[in-house]
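The lines below spell out each chain.
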Amino acid sequence: MKHCLALCVCLLLLQPCSFATTEPSVPVKAEVTAKESCLQDVLCAYSALEKLHTTYREYGSKSLSHVDLVAVLEETTAVLRPICARLEAVSADELKQLVLLADAIIWQSDWINSMYCAEYELDLPSKEVCGLELLAQLSGLIVERIQHPLTPQEEKAALLELYSLLKGEAVMTQPAYWLDERLAKDYKTAYYFLKEFTEALTMEDEAAAAELLQKLALTLEYLLQGGESERLRMEYLTKSFTNLLRDSEWQGVMAPVPVEKWNARTVLLADMTKRLPALESLISLVCKAALPSATE
């Protein structure tokens with residue numbers, strides 16, 4: 001069962017690598033925890049599988065050649081192989097929790113982005129499916145293509161290699177069964193926290209900004225009370241939200257009072273960024289400047 005769960009994790013998602021490659025620069029942490037390292041593996045596995053899912057859609061619409069399809073299949077297997085090997089060392093229970101955490105990060109990020117775009121009338125592409133739903137669709141497609149008598153031999157060979165790595169249909173159907181256990185806690189609270197935090201950065205009234213940040217500091221304490229899993233969730237949600245603002249070419253509002261002259265705001269923000277370092281990039285994007293003493 002442990003081996004099965006390890007491979008299910010590799011079948012699981014999250015724009016991990018996309019988070020990593022598109023986020024603004026963030027101060028490098030002194031060390032990455034074992035859980036965070038495993039979560040990064042899960043997210044990178046999803047990134048490869050999401051690309052494969054997109055590739056099949058493009059192939060189906062005749063916008064991609066069969067040669068390119070096979071190349072992406074082989075690339076997906078190459079990416080997943082070392083990830084599968086590393087996750088074999090993680091216990092079954094830990095692996096399942098990583099799967100659910102990764103899924104929560106993925107769909108909650110998508111929900112937050114969709115809400116913000118709708119509220120501020122931003123015209124950005126949205127995902128039709130994500131998270132466990134995407135994996136369920138992809139798993140069914142892989143099985144169907146393997147079994148179809150007209151699937152070209154080169155594609156079938158590449159699919160069978162991936163199928164073997166993922167230990168077959170019994171393992172590949174697991175994500176669909178885990179939908180009932182999906183983590184759905186506090187994603188609305190996270191959205192309003194990030195939106196109001198951004199507003200607090202741009203308020204002209206220093207006293208009003210400080211008052212709002214004091215309230216948000218309590219919200220952040222609540223959001224992080226679940227320990228490392230909640231910290232990781234909020235780190236990724238914050239990175240995703242920051243990416244959304246940047247990718248939409250949101251210009252932000254230069255703080256009327258220069259950042260260097262902030263008083264109460266600086267102290268409050270410095271404390272909050274120590275608890276959630278990803279906030280530093282959001283501050284930098286909105287205010288076009290780094291927060292003084294944020295990492296001291």
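Engineer: Whenever I open this one, the overall build of the protein chain confuses me. Can you help?
Structural biologist: Secondary structure assignment for the protein chain yields 14 helices and zero strands. Reading the helices (α) and strands (β) of the protein chain from amino to carboxyl end gives α-α-α-α-α-α-α-α-α-α-α-α-α-α. For the protein chain, restricting intrachain contacts to residue pairs at least 6 apart in sequence, the fraction spanning at least 24 positions comes to 83%. For the protein chain, the computed accessible surface area is about 13,900 Å², with 53% contributed by carbon and sulfur atoms.

Engineer: Is there a simple way to think about the packing of helix 4 (residues 66–87) against helix 7 (residues 153–165) in this case?
Structural biologist: For any two helices packed against each other, one specifies the inter-axial angle together with the distance between the axes. Close contact between helix 4 and helix 7 brings their axes to 9 Å; oriented N to C, the two are set at 15 degrees. Comparing the axis directions of helix 4 and helix 7 gives the class roughly parallel. As helix 4 packs across helix 7, the resulting crossing turns out to be left-handed. Of helix 7, the residues touching helix 4 (which contributes H66, L69, V70, L73, E74, T76, T77, L80, R81 and C84) are E154, E155, A158, L159, E161, L162 and L165.

Engineer: Mind showing me how you'd approach the pattern of salt bridges here?
Structural biologist: Think of it this way: side chains of opposite charge can pair up when their charged atoms draw near. Under the defined criterion, the tally for this structure stands at 17 salt bridges. Of the charged contacts, one joins K96 and E181 as a salt bridge, the two residues approaching to 3.0 Å between their closest N and O atoms. With K96 in helix 5 (residues 92–119) and E181 in the loop between helix 9 (174–177) and helix 10 (187–202), this pair connects stretches of sequence that are 85 residues apart. Of the residues examined, K96 reaches a relative accessible area of 21% and is grouped as partly exposed.

Engineer: Any chance you could explain empty space enclosed by the protein here in plain terms?
Structural biologist: The full count for this structure, using the stated rule, is one cavity of 30 Å³ or more. One number sums up the size of the largest cavity: a volume of about 30 Å³. Taken together, K185, D186, Y222, L223, Q225, E230 and R233 make up the lining of the largest cavity. If you list the elements that add at least two residues to the lining of the largest cavity, you get helix 11 (206–223) and helix 12 (228–247). A class-by-class count of the residues in the lining of the largest cavity yields two nonpolar, one polar and four charged.

Engineer: I keep staring at the packing of helix 10 against helix 11 and nothing clicks. Help me out?
Structural biologist: Contact geometry for helix 10 and helix 11: axes closest at 10 Å, N-to-C directions at 155 degrees. In terms of their interaxial angle, helix 10 and helix 11 are classed as roughly antiparallel. In the crossing of helix 10 with helix 11, the sense of the turn from one axis to the other is left-handed. Between helix 10, through T189, A190, F193, E196, F197 and A200, and helix 11, the contact on the second element is made entirely by A209, L212, L213, K215, L216, T219, L220, Y222 and L223.

Engineer: Sorry, what's going on with helix 13 (residues 264–275) here?
Structural biologist: For an α-helix the count is 3.6 residues per turn, leaving residues at separations of three or four pointing the same way. For helix 13, spanning twelve residues, the distance from its first C-alpha to its last is 17 Å, which sits close to the expected 16 Å at 1.5 Å a residue. If you check which residues of helix 13 are buried, you get R265, T266, L268, L269, A270, M272 and T273. Tucked into the core, helix 13 has its buried residues touching helix 10, helix 11 and helix 14 (279–287).

Engineer: Could you clarify how one ought to interpret the confidence of the model for the protein chain in this entry?
Structural biologist: Any segment with low pLDDT has predicted coordinates that should not be analysed in fine detail. Averaged over all residues, the pLDDT of the protein chain equals 85, while 83% of them reach at least 70. Averaged over each element, pLDDT in the protein chain is lowest for helix 2 (residues 16–22) (42) and highest for helix 11 (96). Note that residues 1–7 has pLDDT below 50 and, in this model, 21 contacts with residues that lie over four places away or in other chains. The model gives residues 11–30 a pLDDT under 50, and that stretch makes 72 contacts with residues more than four places away or in other chains.

Engineer: Looking at this structure, how should I read unusual backbone geometry?
Structural biologist: Most peptide bonds take the trans configuration, and most residues that are not glycine carry a negative phi. Residue E121 is not a glycine yet carries a positive backbone phi of 55 degrees. Take E121: its relative accessible area is 75%, and that puts it in the exposed class. Despite not being glycine, D186 shows a phi value in the positive range, around 65 degrees. Residue placement: D186 occurs in the loop between helix 9 and helix 10. Classification of D186 by relative accessible area gives buried; the value is 15%.

Analysis parameters
- Residues numbered from 1 in each chain as written.
- Predicted model: local features only at pLDDT ≥ 70, side-chain atom pairs only at ≥ 80, totals over all residues.
- Heavy atoms only, no water.
- Helix = DSSP H or I, 4+ residues; strand = E, 2+ residues; numbered from the N terminus.
- Contact = heavy atoms within 4.5 Å.
- Areas by Shrake-Rupley, 256 points an atom, 1.4 Å probe, with all protein chains shown as cover.
- Axes fitted to C-alpha atoms, helices over the stretch in contact; angles between N-to-C directions.
- Parallel < 35°, antiparallel > 145°, perpendicular 65-115°, else oblique.
- Left-handed = near helix turned anticlockwise from the far one by under 90°.
- Salt bridge = Lys/Arg side-chain N within 4 Å of Asp/Glu carboxyl O.
- Buried < 20%, exposed > 50% of the residue type's maximum accessible area, 1.4 Å probe, protein only.
- 1 Å grid on protein atoms, 1.4 Å probe; cavity = no way out; pocket = protein on both sides within 12 Å on 5 of 7 lines; lining within 4 Å.
- Points joined across faces, edges and corners; volume = space filled by probe spheres on them.
- Nonpolar A, V, L, I, M, F, W, Y, C, P; charged D, E, K, R; others polar.
- Expected span 1.5 Å × (residues − 1).
- pLDDT = per-residue confidence, 0-100.

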